[in-house]
Amino acid sequence: MQTLKQKHRPFCFSVKGQVKMLRLALTVTSMAFFIIAQAPEPYIVITGFEVAVIFFFIILYMLRLDRLIDCLFWPLLDIINSMVTAIFMIIISVLALIPETTTFIVLGGVFGLLAAVCCIADGALIYRKLLFNPSGPYQKKPIHDKIVLQ
């Protein structure tokens, strides 16, 4: 009986994939609450844009297009996106929570803050992976890693 050895764990089952999908779910929930409450348009537009960008990165990693399109350094773009998204979601959520508004806008703000925390966690995971396991043409192998055959 032959066993298949799996080369890599699929993106959906990795920690990075789970955090990114949780981030997508929280952002979609926040946007849905903003739409239901008929919140100001910037709240809906910014969360909708973030949903589209997060979905793009999930599809990119699921289809392994980051390996195919190697002219861009995808981890750096993902880290920048995570930090910019966190800043936008914190601003939108705080603005939604400050005035006395409807319950749905407050719920949208709370879910937006949770999404911002997931954005920071997502960026930290990618940075940690990049720091400890770099991949790409810039990686230099130390001399002691070479195998010497005698």
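The protein appears in an unreviewed UniProt entry as MARVEL domain-containing protein from Felis catus. The Subcellular location (unreviewed entry) field of the UniProt record for the protein holds the comment "Membrane".

1. Some words on the overall build of the protein
If you tally the helices and strands in the protein, you get five helices and zero strands. Along the chain direction, N to C, the helices and strands of the protein fall in the order α-α-α-α-α. The burial tally for the protein puts 32% of its 150 residues in the buried class. Contacts in the protein between residues far apart in sequence, at least 24 positions, make up 72% of those at least 6 positions apart. Summing over all exposed atoms, the protein offers an accessible surface of approximately 10,300 Å²; the carbon and sulfur share of this is 71%.

2. Overview of the confidence of the model for the protein
Residues of the protein with pLDDT of at least 70 account for 82%, and the chain-wide mean is 83. For the protein, per-element mean pLDDT is lowest for helix α3 (residues 65-68), which scores 82, and highest for helix α1 (residues 15-36), which scores 93.

3. Remarks on the packing of α1 against helix α4 (residues 74-97)
One way to put it is that α1 packs onto α4 with a least axis distance of 13 Å and a crossing angle of 30°. Comparing their axes, α4 and α1 come out roughly parallel. Where α1 crosses over α4, the handedness of that crossing is left-handed. Contacts between α1 and α4 involve K20, R23, T27, S30 and F34 from the former and D78, N81, S82, T85, M89, I92 and A96 from the latter.

4. Considerations on the environment of G123
Relative to the helices and strands, G123 resides in helix α5 (residues 103-132). Contact partners of G123, with chain neighbours within four places excluded, come to I79, S82 and M83.

5. Some remarks on the UniProt feature "transmembrane region" (unreviewed entry) in the protein
Within this numbering scheme, the UniProt entry marks residues 21-37, 43-63, 75-98 and 104-127 as carrying the feature "transmembrane region" (unreviewed entry). Secondary structure content for residues 104-127 is 100% helix and 0% strand, and the end C-alpha separation is 34 Å.

6. Quick look at the pattern of salt bridges
If you walk through the whole model with that rule in mind, you get three salt bridges. Where salt bridges share partners, they join K20, R23, D78 and D122 into one cluster.

7. Things to note about the side chain of S82
Mapped onto the secondary structure, S82 falls in helix α4. A residue is classified by how much of its surface remains accessible, and S82, at 0% relative accessible area, is buried. Polar side-chain contacts of S82 include one of 3.2 Å to the side chain of R23. Excluding residues within four positions of it along the chain, S82 makes contact with R23, C119, D122 and G123.

8. A closer look at the nonpolar core
Counting residues in each nonpolar core, the largest one holds eleven residues, listed as F11, L24, M31, V51, V53, I54, F57, I58, L60, Y61 and W74. Of all the elements in the fold, those that place two or more residues in this core are α1 and α2 (41-62). Element by element, the count of residues in this core is highest for α2, at seven residues. Beyond its immediate chain neighbours, meaning those up to four positions away, F57 contacts K20, W74, L77, D78 and N81.

The rules behind the values
Residues numbered from 1 in each chain as written. Predicted model: local features only at pLDDT ≥ 70, side-chain atom pairs only at ≥ 80, totals over all residues. Heavy atoms only, no water. UniProt positions renumbered as here; feature names shortened; annotations may be inferred. Helix = DSSP H or I, 4+ residues; strand = E, 2+ residues; numbered from the N terminus. Buried < 20%, exposed > 50% of the residue type's maximum accessible area, 1.4 Å probe, protein only. Contact = heavy atoms within 4.5 Å. Areas by Shrake-Rupley, 256 points an atom, 1.4 Å probe, with all protein chains shown as cover. pLDDT = per-residue confidence, 0-100. Axes fitted to C-alpha atoms, helices over the stretch in contact; angles between N-to-C directions. Parallel < 35°, antiparallel > 145°, perpendicular 65-115°, else oblique. Left-handed = near helix turned anticlockwise from the far one by under 90°. Salt bridge = Lys/Arg side-chain N within 4 Å of Asp/Glu carboxyl O. Polar contact = N/O pair within 3.5 Å; in protein donor to acceptor, adjacent residues only side chain to side chain. Core = buried A, V, L, I, M, F, W, Y, C linked by side-chain atoms within 4.5 Å.

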